[in-house]
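# Fold and contact review
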Amino acid sequence: MNFNHLFFNSKFKNVNVCWLLLKLVFIVGTIQWGIVLALSGPQYRLTINQIMGTSLIFIALPLVLYLIIVRPILVPYLERSRAFEAYFKALTQGAILSRTDARGVITSINENFIKISGYSEAELVGQTHSLINSRYHNPDFFKNMWQTIRSGQVWQGEIKNQKKDGTFYWVYSIIAPILDNNQIVNYISIRFDITKEKQMEEQLRLEQARNLQSAKLVSLGEISAGIAHEINNPLAVIIGNLDLLSSQLNDSQKLRTSKIYQGVKRVQEIIQALSRFVNTNRSQKNPVDLSRVINHVVTLSQIKISTNQINLKIVKNCELEVMAYEPEIEQVLLTLINNAIDAVKSSPRKQISIKLTRLNDKKCILVEDSGIGIKEDVREKLFQPFFTEKRVGQGTGLGLVTARSIMREHRGDLFFVPQQPATTFVMEFEV
Amino acid sequence: MNKMKILYIDDNTEILEMFELFFSGKNYEIKTLSEAQLAVQTINIFQPDVLFIDYRMPDINGIDIVAQIDYQKIKAFLVSGELSFSDPRISEMFQEVLKKPLSLFDIQKLLEQLAKTR
């Protein structure tokens, strides 16, 4: 299909026609004059020389005029016209072209437009570009674009469009108005498909974020490994002295020291958990009683729960055991509970419930809170590294990322069920 | 049977003190040492049956010390607050790597077991 006619209505072709007409006039005129003069020769008793001379003037004069005046004016026009046509040919092959009237209604398109959008020519012509609007850009984006081109300027930018089949493509667009007597009569737009570049860009961005995240986690691990020694020594002193004390204590005192033992063990576990990113040779997975995990973690967050006057409900529908690294599973649950506490802290109804149950035959721990829920625009960012809604210094933006990576390393998963107004996070374990 | 000879080398004197307190009056011959530079010399003179040695000490680490002695004769334990080791000599030189913080009761159990196998 040739779409040239849609773009070139007259002007460039006229230049060619002008030139041919001019040539024709010169040639025909000269021949006519020659004939006239030759025929009328005897009447006017003109000698052959005179006839030849006159004819020569009539042939030579237009020729000279043509050569010195008309041609120099025409040639640049012709060259420009040829160049334009070559440019257009190249553009129409490589770019997505369209032309609209002053209101933005499409009057013509090229084949690339049809190919990329998936719409036919008939479907596109007569419509505005809102047909392929992806709703990705906010209204201000297009308002700004229209302001620019309405003022007679060229607008350039990246636009995300939607194909007929619902998928998306990105184009780099250049839109220019065509002016006639300072009035905008048409707009032309030249677009280039940049979908692949956009995808690569996005991938790169994600990769960088991921790299940054793992770099941060690794350095966190290295720091923890470094301080582990320093912390474990005083812990050894605490435990050793408890051991020494224990022979002199009665039962109720021993109950107290057992709490100290537990606390020390927890500190040791945290140090170990932090360093898990460098410490690759972890111990074997052990059977972990999820009910015990819940009890343990709830004990750890008890102070936070009671100081915030939160109503905590624990439901255990069954006893469940999984093969896991216990401190890591505790870390995940702790993250979820801490998030839940932050979510309900300032809401009028402060309710958190932890359920141990089977969901679709999978062992799950559910953490539900009565907070304000998670806004839709936030949901997809929730598991992105360094995304946090907490105030500066309060959240690292790594809690859920780490938690999910732990669950996935256990061949389980971590996700949430948006269930207005409450939010439920689900720790799902391998079957 | 002779009392089992136990040597504990650690630059942290608090740990040594606890160790001595805990095992004093029990059926062991206990010696502790906090100066790592005297370690080789002390081991050679005292000739312990069981050696507990800290990994990270000033100037020298426990593995390098044990490498200088006849470790075949001694049941040596590396005690450490480190999280992991990659030194290949460990499995050859030590019975086990014990992680700090370590309960004294755990050490007692360990020693009782060793006494049985002696």
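Every value quoted in this text rests on a predicted model; they were computed, and no experiment measured them.

Here is what the cut-offs are and how they apply
Residues numbered from 1 in each chain as written. Chains lettered and ligands numbered in written order. Predicted model: local features only at pLDDT ≥ 70, side-chain atom pairs only at ≥ 80, totals over all residues. Heavy atoms only, no water. Axes fitted to C-alpha atoms, helices over the stretch in contact; angles between N-to-C directions. Helix = DSSP H or I, 4+ residues; strand = E, 2+ residues; numbered from the N terminus. Parallel < 35°, antiparallel > 145°, perpendicular 65-115°, else oblique. Left-handed = near helix turned anticlockwise from the far one by under 90°. Contact = heavy atoms within 4.5 Å. Nonpolar A, V, L, I, M, F, W, Y, C, P; charged D, E, K, R; others polar. Patch = residues over 30% accessible without salt bridge, like charges linked within 9 Å, V, L, I, M, F, W, Y side chains within 5 Å. Areas by Shrake-Rupley, 256 points an atom, 1.4 Å probe, with all protein chains shown as cover. Salt bridge = Lys/Arg side-chain N within 4 Å of Asp/Glu carboxyl O. Buried < 20%, exposed > 50% of the residue type's maximum accessible area, 1.4 Å probe, protein only. pLDDT = per-residue confidence, 0-100. Disulfide = S-S within 2.5 Å. Polar contact = N/O pair within 3.5 Å; in protein donor to acceptor, adjacent residues only side chain to side chain. Pairing = 2+ DSSP bridges. Core = buried A, V, L, I, M, F, W, Y, C linked by side-chain atoms within 4.5 Å. Expected span 1.5 Å × (residues − 1). Arc of directions from axis to C-beta. Buried area = accessible area lost by both parts, 1.4 Å probe.

## Observations concerning the packing of helix H10 (residues 290–307) of chain A against helix H11 (residues 326–344) of chain A
Residue and element names in this part refer to chain A. Running from amino to carboxyl end, H10 crosses H11 at an angle of 40°, the nearest separation of the two axes being 9 Å. One finds that H10 runs oblique with respect to H11. Remark: the crossing between H10 and H11 carries right-handed chirality. Residue-level contacts link Leu290, Arg292, Val293, Ile294, His296, Val297, Val298, Leu300, Ser301, Lys304 and Ile305 of H10 to Glu326, Ile329, Glu330, Leu333, Leu334, Ile337, Asn338 and Ile341 of H11. The residue makeup of the contact of H10 with H11, split by class, is 12 nonpolar, 3 polar and 4 charged.

## Focus: a nonpolar patch on the surface
Residues and elements named next belong to chain A. A cluster of nonpolar side chains, contributed by Ile57, Leu61, Leu63, Val64, Leu65, Leu67, Ile68, Ile69, Ile73 and Tyr77, occupies part of the molecular surface with about 980 Å² of accessible area. With respect to the element layout, Tyr77 can be found in helix H4 (residues 48–94). Residue classification places Tyr77 among the partly exposed residues on the basis of a relative accessible area of 48%.

## Regarding the confidence of the model for chain A
Do not read the fine detail of predicted coordinates wherever pLDDT is low. Residue and element names in this part refer to chain A. When pLDDT is averaged along chain A, the result is 80; 82% of the residues meet or exceed 70. By mean pLDDT, helix H1 (residues 4–7) is the weakest element of chain A at 49, and strand S3 (residues 155–162) is the strongest at 94. The low-confidence segment residues 8–12, where pLDDT is below 50, has 4 contacts with residues more than four positions distant or belonging to other chains.

## A word on the state of the cysteines
Residues and elements named next belong to chain A. In total, this model carries 0 disulfides over all chains according to the counting rule given. Here Cys318 is not disulfide-linked; the sulfur of Cys364 is the nearest cysteine sulfur, at 9.7 Å. Here Cys318 falls in the partly exposed class, since its relative accessible area comes to 22%.

## Notes on the side chain of A:His410
All names here are of chain A. By the secondary structure assignment, His410 is in the loop between helix H13 (399–409) and strand S11 (413–419). A distance of 3.0 Å separates the side chain of His410 from the backbone nitrogen of Tyr325, its partner in a polar contact. Ignoring anything within four residues of it in the chain, the contact list for His410 reads Lys285, Met323, Ala324, Tyr325, Glu328, Ile329 and Glu430.

## Here we look at the sheet that holds strand S5 (residues 96–99) of chain B
Residues and elements named next belong to chain B. Here we have 5 strands laid out as an open sheet, ordered S2-S1-S3-S4-S5, and parallel in their pairing. Unpaired on one side and paired on the other, strand S2 (28–33) and S5 mark the two borders of the sheet. Taking each pair of neighbouring strands and ignoring which way they run, the sheet shows an average axis angle of 20°. The pairing of strand S4 (residues 75–80) with S5 spans 4 bridges and is classified as parallel. Note on S5: the bridge partner recorded for Val79 is Leu98. Along the sheet, helix H1 (residues 13–23) makes contact with strand S1 (4–9), S2 and strand S3 (50–54), crossing S2 at roughly 170°. Lying over the sheet, helix H2 (residues 39–46) contacts S1, S2 and S3, oriented at roughly 175° with respect to S1.

## Some points on the pairing of strand S8 (residues 321–324) of chain A
Looking down a regular strand, the side chains alternate between one sheet face and the other. Residues and elements named next belong to chain A. Where burial is concerned, the two faces of S8 differ: the one with Val322 and Ala324 is buried and the one with Glu321 and Met323 is not. As judged from the 4 bridges shared by strand S6 (residues 286–289) and S8, these two strands associate in the antiparallel manner. Considered in S8, the bridge of Val288 is made with Val322.

## A few points about the nonpolar core
Grouped together as the largest cluster of nonpolar side chains are 38 residues, with contacts concentrated most on A:Leu333, A:Ile365 and A:Met427. For this core, the elements supplying multiple residues, two or more each, are H10, S8, H11, strand S9 (351–359), strand S10 (362–369), H13, S11 and strand S12 (422–428) of chain A. A total of 9 residues in this core trace back to one element, the largest contributor, which is H11(A). Core analysis: the second largest hydrophobic core is formed by 24 residues, B:Ile6, B:Leu16, B:Phe52 and B:Ile107 among them.

## Examining the pattern of salt bridges
Residues and elements named next belong to chain A. Tallying each qualifying case throughout the model produces 16 salt bridges over all chains. Between Glu201 and Lys198 there is a salt bridge, with the nearest N and O atoms lying 3.6 Å from each other. Placement of both Glu201 and Lys198 in helix H8 (residues 195–246) is noted, with a separation of 3 residues, approximately one turn of the helix. Each of Glu158, Lys198 and Glu201 takes part in a single network of salt bridges with overlapping partners.

## A closer look at helix H5 (residues 104–117) of chain B
Residue and element names in this part refer to chain B. In this model H5 runs 20 Å from its N-terminal to its C-terminal C-alpha over 14 residues, within 8% of the 20 Å that 1.5 Å per residue would give. Residues of H5 that are buried: Leu104, Ile107, Gln108, Leu110, Leu111 and Leu114. Here the buried residues of H5 occupy an arc of 160° about the axis, which is enough to place them on one side. Opposite the buried face of H5, at more than 90 degrees from it, the exposed residues are Lys109, Gln113, Lys116 and Thr117.

## Brief notes about the interface of chain B and chain A
Counting residues at the interface gives 19 residues for chain B, matched by 25 residues for chain A. In total, chain B and chain A occlude about 1,700 Å² of area from one another, counting both sides; carbon and sulfur atoms represent 63% of this. Our enumeration of links across chain B and chain A arrives at 0 salt bridges. Where chain B packs against chain A, one counts 3 residue pairs in polar contact (both at pLDDT 80 or more). The set of elements that each furnish at least two residues to the side of chain B that touches chain A consists of H1 and H5 of chain B.

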